[in-house]
Amino acid sequence: MFSWLGTDDRRKKDPEVFQTVSDGLKKLYKTKLLPLEEHYKFHEFHSPALEDADFDNKPMVLLVGQYSTGKTSFIRYLLEQDFPGMRIGPEPTTDSFIAVMHGEVEGLVPGNALVVDPKKPFRKLNAFGNAFLNRFVCAQLPNPVLESISVIDTPGILSGEKQRISRGYDFAAVLEWFAERVDRIILLFDAHKLDISDEFSEVIKALKNHEDKIRVVLNKADQIETQQLMRVYGALMWSLGKIVNTPEVIRVYIGSFWSHPLLIPDNRKLFEAEEQDLFKDIQSLPRNAALRKLNDLIKRARLAKVHAYIISSLKKEMPSVFGKENKKKELINSLGEIYARIEREHQISPGDFPNVKKMQEQLQAHDLNKFQPLKMKLLDTVDDMLAHDIAQLMVLVRQEETQRPNQVVKGGAFDGTMNGPFGHGYGEGAGEGIDEVEWVVARDKPMYDEIFYTLSPVNGKVTGANAKKEMVKSKLPNTVLGKIWKLADIDKDGMLDDEEFALANHLIKVKLEGHELPSDLPPHLIPPSKRKIPE
């Protein structure tokens, strides 16, 4: 008796078993979230239905910026080769969306052919019509960088009402579609022209709810002096602060992302460090792709649930016979109050609700009587997915990460700074003297020896207590000095001889000059007398 209750209960306690994260996401979406979306017309209001290609595709990087900020040059810099359809110039040259993807044969695939290819994640873009599809191409080429990621180049953003109308399609809506599906959004700014136009402001607002994906690049920074660069950076942060309404400061990378000589090389070290940070961020995308798709599915599920509550509430309020039009106007005007009521009744965060104005505009075109009433079974299924199945997928994400720990973007510019003397930080800080035959610490050893013999050495060694008295004069924190001690006390006897003491002081100097300490002592810093002689 009541065996069906036990079965349903068991199903909730035993989540489904998945082989891979990608398969799990596809199955969960189709069986648990898609029915809710279809029942409440989610796709007409927010985002088209997801397809298999959306879960299987490589991580994508979306480049957005005003014209002549160096978007196309940035892609060429990463790939270290030209790509089909590439046009670079001082005026608006890229007038199309170009998806730069990996392919065995170099060539261009036009937009209308792209949106019928089930293997590409662009099928739903056909909703934006021919005006957009004529301005959308896929550039395919065999490049090692593109084996791990795809890059989307966008038309330069213009200012003024005239240009916005002449596009013939909703530019901000297209960018919003891409923003939902990409792994990283890079906003490029030219250090010479920071004016954020009306259209750019509109575009940045369209990227709302995707702030976690946004990175900002202040490009062409080698063309201005250090003092001007500081002012430009401050002005950029101020301008962004007015548009991106988040308490956190967006990460801004400063540099010159093309392969030309630096015009003003004063900030070369800064540009190298910033480039390295940005490259690390992009290189991590394949490793974090599964987690990003999982995160996006959870965000989508939360929005779909809220949408269901809104649609069913509107349906409930509508009269069945007379006064439908008047009631519709009244409900649309009081949508903010409906939001507040749903928020209280179902304990939903205000941040989960869609934009009121946008929702009001969309509702004008719909017959509210054709909306569906609340169907708790569909909502319970999504709650079950969020409570049980997602947790299991999280475990699977970690397992996949450990099985493929070295999954990073390789090739192109990413390999240029990996090895040899032009690797980041080569020959600096703890790397100083790496190529020299002489021990680099020996240069200043006479000065360190003078201090060493004032510390009452016994049998050629100073105690830890005496060494500490001298080392704390550097004013470095104990945690840093402790690490220096660990690196310098090579024979681990709790004391330092003259070479170890000189090494400790050398590492203190490295740290005081602003460099990071190595986790292990590099071979070239080991004192000659303590190096193992090869047999």
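Residues numbered from 1 in each chain as written. Predicted model: local features only at pLDDT ≥ 70, side-chain atom pairs only at ≥ 80, totals over all residues. Heavy atoms only, no water.

Per an unreviewed UniProt entry, the protein chain carries the name EH domain-containing protein 3 and comes from Albula goreensis.

S.K.: Would you mind showing me how to read the overall build of the protein chain here?
M.R.: Along the protein chain, the regular secondary structure elements total 22 helices and 10 strands. For the protein chain, the spread of C-alpha atoms along the principal axes amounts to about 105 × 70 × 45 Å. Looking at the protein chain residue by residue over its 535 residues, the buried ones come to 48%. The long-range share in the protein chain, meaning contacts at least 24 apart out of those at least 6 apart in sequence, stands at 78%. Accessible surface for the protein chain amounts to roughly 27300 Å². Of this, 53% is attributable to carbon and sulfur atoms. Across the protein chain, the mean location of the 73 positive side-chain charges is 6 Å away from that of the 79 negative side-chain charges. (Helix = DSSP H or I, 4+ residues; strand = E, 2+ residues; numbered from the N terminus. Buried < 20%, exposed > 50% of the residue type's maximum accessible area, 1.4 Å probe, protein only. Contact = heavy atoms within 4.5 Å. Areas by Shrake-Rupley, 256 points an atom, 1.4 Å probe, with all protein chains shown as cover. Lys, Arg positive; Asp, Glu negative; His and termini not counted. Charge placed at Lys NZ, Arg CZ, Asp CG, Glu CD.)

S.K.: In this structure, what is going on with the sheet that holds strand β3 (residues 107–110)? I would like to understand it.
M.R.: Pairing between the strands of a sheet comes from backbone hydrogen bonds, and it takes one of two forms, parallel or antiparallel. Strand order in the open sheet formed by 8 strands is β3-β4-β2-β5-β1-β6-β7-β8, with mixed pairing between adjacent strands. A single partner strand is all that each edge strand has here, and the edge strands are β3 and β8 (252–254). Taken pair by pair, the neighbouring strands of this sheet meet at an average axis angle of 25°, ignoring direction. In terms of strand pairing, strand β6 (residues 184–190) meets strand β7 (residues 214–219) through 6 bridges, oriented parallel. (Pairing = 2+ DSSP bridges. Axes fitted to C-alpha atoms, helices over the stretch in contact; angles between N-to-C directions.)

S.K.: Help me understand the pattern of salt bridges, please; the structure alone is not making it clear to me.
M.R.: Close approach of charged atoms allows side chains with opposite charge to pair. Across all of its chains, the model carries 40 salt bridges by this definition. A salt bridge links D281 to R184, with the nearest nitrogen and oxygen atoms 2.7 Å apart. You can see D281 sitting in helix α12 (residues 268–283) and its partner R184 sitting in strand β6, a full 97 residues away along the chain. The pair formed by D281 and R184 is uniform in burial state, with each residue classed as buried. Where D383 meets K305, a salt bridge forms, and the shortest distance between an N and an O atom there is 2.6 Å. Highlighted residues: D383 in helix α17 (residues 376–403) and K305 in helix α13 (residues 285–317), separated in sequence by 78 residues. Classification of K305 as buried rests on a relative accessible area of 18%. Overlapping salt bridges, with partners in common, bring together E37, D54, E180, R181 and R300 in one network. (Salt bridge = Lys/Arg side-chain N within 4 Å of Asp/Glu carboxyl O.)

S.K.: When you look at the nonpolar core in this model, what are you seeing that I'm missing?
M.R.: What tends to happen in soluble globular proteins is that the nonpolar side chains get buried as a cluster. In this structure, F97, F122, F178, L187 and L218 are the most contacted members of the largest nonpolar core, which totals 48 residues. Those residues in contact with F178 that sit more than four places away from it in its chain are L62, F97, F122, L125, F136 and I152. Counting residues in each nonpolar core, the second largest holds 45 residues, with L50, I310, I338 and Y339 among its members. (Core = buried A, V, L, I, M, F, W, Y, C linked by side-chain atoms within 4.5 Å.)

S.K.: Where do I start with the UniProt feature "domain: EH" (unreviewed entry) in the protein chain in this structure?
M.R.: Per the UniProt record, the feature "domain: EH" (unreviewed entry) sits at residues 444–532. For residues 444–532, the end-to-end C-alpha separation is 23 Å, with 47% helix and 7% strand making up the annotated structure. (UniProt positions renumbered as here; feature names shortened; annotations may be inferred.)

S.K.: Help me understand the pairing of β7, please; the structure alone is not making it clear to me.
M.R.: The two faces of a sheet get side chains in turn, since along a regular strand they alternate between them. Burial analysis of β7 places 6 of its 6 residues in the buried class, the great majority of the element. Each parallel crossover has a hand, and the one from β6 via helix α10 (residues 198–206) to β7 is right-handed. Two strands pair when backbone bridges link them, and β7 and β8 are joined in this way by 3 bridges, in the parallel orientation. Counted as the bridge partner of L218 is I254 from β8. (Right-handed = clockwise from strand over helix to strand, strands pointing away.)

S.K.: How should the packing of aromatic side chains be read in this particular structure?
M.R.: Aromatic ring pairs are defined here through the distance separating the ring centres and the angle between the ring planes. All chains considered together, the criterion is met by 19 aromatic pairs. Pairing F128 with F132 gives two aromatic rings, centres 6.0 Å apart and planes at 65°, and the pair type is edge-to-face. By relative accessible area, F132 is classed as buried at 0%. Among the aromatic side chains, those forming a connected cluster through ring pairs are F97, F122, F128, F132, F136, Y169, F171, W177 and F178. A cation over a ring is seen here: R251 above Y253, with NZ or CZ 4.1 Å from the ring centre. (Phe/Tyr/Trp six-rings, centres within 6.5 Å; stacked < 30°, edge-to-face > 60°. Lys NZ or Arg CZ within 6 Å of the ring centre and 35° of its normal.)

S.K.: Explain the side chain of K293 here, please?
M.R.: Secondary-structure assignment places K293 in helix α13. The side chain of K293 sits in the buried core without any salt bridge; D183 is the nearest counter-charge, 6.3 Å away. At a separation of 2.9 Å, a polar atom in the side chain of K293 contacts the main-chain carbonyl oxygen of N57. Beyond its immediate sequence surroundings of up to four residues, K293 is in contact with L25, D54, F55, D56 and N57. (Polar contact = N/O pair within 3.5 Å; in protein donor to acceptor, adjacent residues only side chain to side chain.)

S.K.: What is the right way to read the environment of K193 from this model?
M.R.: Within the secondary structure layout, K193 lies in the loop between β6 and α10. Among the residues examined, K193 registers a relative accessible area of 24% and is labelled partly exposed. Along the sequence, K193 and F178 sit 15 residues apart, while their C-alpha atoms lie 26 Å from each other. Beyond its immediate chain neighbours, meaning those up to four positions away, K193 contacts Y67 and S68.

S.K.: Sorry if this is basic, but what is going on with helix α15 (residues 335–346) here?
M.R.: Note that an α-helix has 3.6 residues per turn; residues three or four places apart therefore point the same way. Taking 1.5 Å per residue, 12 residues should reach 16 Å; α15 reaches 16 Å between its end C-alpha atoms and fits that length. Taken together, the buried positions of α15 are occupied by L335, I338, Y339 and I342. In a view along the axis of α15, the buried residues occupy a sector of 105°, so they form one face of it. Looking at α15, the residues exposed on the side facing more than 90 degrees away from the buried face are E337 and R344. Summarising the contacts, the buried residues of α15 are in contact with α13, α14 (324–333) and α16 (356–363). Of the residues flanking the end of α15, it is Q347, one or two places downstream, whose phi is positive at about 50°. (Expected span 1.5 Å × (residues − 1). Arc of directions from axis to C-beta.)

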